[in-house]
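Breakdown of the fold
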Amino acid sequence: MKRFCRWLLLACLCFPLSGYADTLTLTGAAGYHVVIDLREIDAAGQAISITSTQWSGRAHRWSGMRLVHLIGRVPGGPYSRVHIRALNDYEVDIPLGDVRRFSPLLATRRDGQLVAIRDKGPLLLIWPFDQEAVLERSQRYHDWSVWHISQIGLR
Ligand SMILES: Nc1nc2c(c(=O)[nH]1)N[C@H]1C(S)=C(S)[C@@H](COP(=O)(O)O)O[C@H]1N2
Ligand SMILES: [Mo]
């Protein structure tokens, strides 16, 4: 699987103009496993967050879908944590309490444009840093600002 992810990352870096780069795998209890085309998230994507991040000095208009809405679709539970994995094998485990409290955005677009893999796309988790001062002060929300997202699993 790791080898496949590296291959996929390489393929996407080589063909950055081929449009949507990837899919998102969503998993949950009792073997729940769906592969979602990012087009679906983009189409659902009327949620917006205007904020700067640690990687962009200025504020951008991010659009996509609230993570809470996506995980609300997953049957089973109750769940307490969401595990997020990226194309570069980076992974984090976020308590659902933080997700419900700050409602981070699963962003497919920055200022109206799809985000290329070489620009930390195609899917990024954006916390509302400019609206909630506490996020900026705590290192964990920086650590939880995952880009290159490829898998989300509820636990
Ligand atoms: N896909 C992916 N997302 C990631 C990381 C990573 O290595 N890969 N690093 C995380 C960490 S530890 C931090 S602090 C923030 C900011 O990273 P940067 O300042 O190096 O851009 O991105 C987070 N998101
Ligand atoms: Mo970090």
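That block above? That's the structure.
Now for a quick tour of the structure.

Reading the values: rules and limits
- Starting from 1, residues in each chain are numbered consecutively following that chain's sequence as written.
- Chains carry letters and ligands carry numbers; both start at the beginning, A for chains and 1 for ligands, and go up in the order they are written.
- Where local features are concerned, this predicted model is filtered to residues with pLDDT of at least 70; where side-chain atom pairs are given and counted, the filter is 80 or more; whole-chain, interface and lining totals use all residues.
- Working from all heavy atoms in the structure, the side-chain values ignore hydrogens and water.
- Within this scheme, the nonpolar core is defined by two criteria: the residues are buried Ala, Val, Leu, Ile, Met, Phe, Trp, Tyr or Cys, and they are joined through side-chain atoms within 4.5 Å.
- Accessibility here uses a 1.4 Å probe with only protein chains present; expressed as a share of the type maximum, an area under 20% marks a residue as buried, one over 50% as exposed, and anything in between as partly exposed.
- Runs of E in the DSSP output that reach at least two residues are strands. Runs of H or I that reach at least four are helices, and both are numbered from the N terminus.
- Contacts were defined at the residue level, with two residues in contact if any of their heavy atoms lie within 4.5 Å.
- Salt bridge, as applied in this entry: a Lys or Arg side-chain nitrogen positioned within 4 Å of an Asp or Glu carboxyl oxygen.
- We treat two strands as partners when DSSP finds at least two bridges between them.
- Aromatic rings from Phe, Tyr and Trp, with only the six-membered ring used for Trp, were paired whenever their centres fell within 6.5 Å, and each pair was classed as stacked if the ring planes differed by under 30 degrees, edge-to-face if by over 60, and tilted otherwise.

What follows is about the nonpolar core. Counting 31 residues, the largest nonpolar core has Ile84 and Ile152 as the members making the most contacts within it. When residues of this core are traced back to their parent elements, those giving at least two are β1 (23–27), α2 (38–44), α3 (67–71), β5 (81–86), β6 (91–95), α4 (96–102) and β10 (149–154). With residues up to four places along the chain from it excluded, the contact list for Ile152 reads Leu24, Thr25, Leu26, Thr27, Leu67, Leu70, Ile71, Val82, His83, Ile84 and Leu106. One finds Trp62, Leu105, Val115 and Ile126 within the second-largest nonpolar core, a separate group that totals 7 residues.

A few words on the pattern of salt bridges. Under the counting rule described, the total for this entry stands at 7 salt bridges. Residue Asp37 is joined to Arg39 by a salt bridge in which the shortest nitrogen-to-oxygen separation is 3.5 Å. According to the relative accessible area criterion, Arg39 is partly exposed, its value standing at 49%. Where Arg81 meets Asp93, a salt bridge forms, and the shortest distance between an N and an O atom there is 2.8 Å.

With that out of the way, let us pick up the pairing of β10. Successive residues of a regular strand alternate their side chains across the two faces of the sheet. Counting buried positions over the 6 residues of β10 gives 5, a clear majority of the element. As defined by bridge partners, β1 adjoins β10 across 3 bridges and the pair is classed as parallel. Bridged to Leu26 within β10 is Ile152. Alignment of β5 against β10, held across 5 bridges, turns out to be antiparallel. Each residue of the ladder has a partner; that of Ala86, found in β10, is Ile149.

Here we come to the side chain of Ser52. For Ser52, the position within the fold is in the loop between β3 (47–51) and β4 (60–66). By relative accessible area, which is 16% here, Ser52 ends up buried. Apart from the residues lying within four places of it in its own chain, the contact partners of Ser52 are Gly57, Arg58, Ala59, Phe129 and Asp130.

A few words on the packing of aromatic side chains. Within the structure shown, the criterion is met by 7 aromatic pairs. Between Phe102 and Tyr141, the aromatic rings sit 5.4 Å apart at their centres with planes inclined by 80 degrees, giving edge-to-face as the arrangement. Separated by 39 residues along the polypeptide, Phe102 in helix α4 and Tyr141 in helix α6 (residues 139–143) bring together distant segments of the chain. Grouping residues by exposure puts Phe102 and Tyr141 together as buried. Ring geometry for Tyr141 against Trp144: centres 5.4 Å apart, planes inclined by 90 degrees, an arrangement best described as edge-to-face. Connected via pairs of aromatic rings, a cluster forms that spans Phe102, Trp127, Tyr141 and Trp144.

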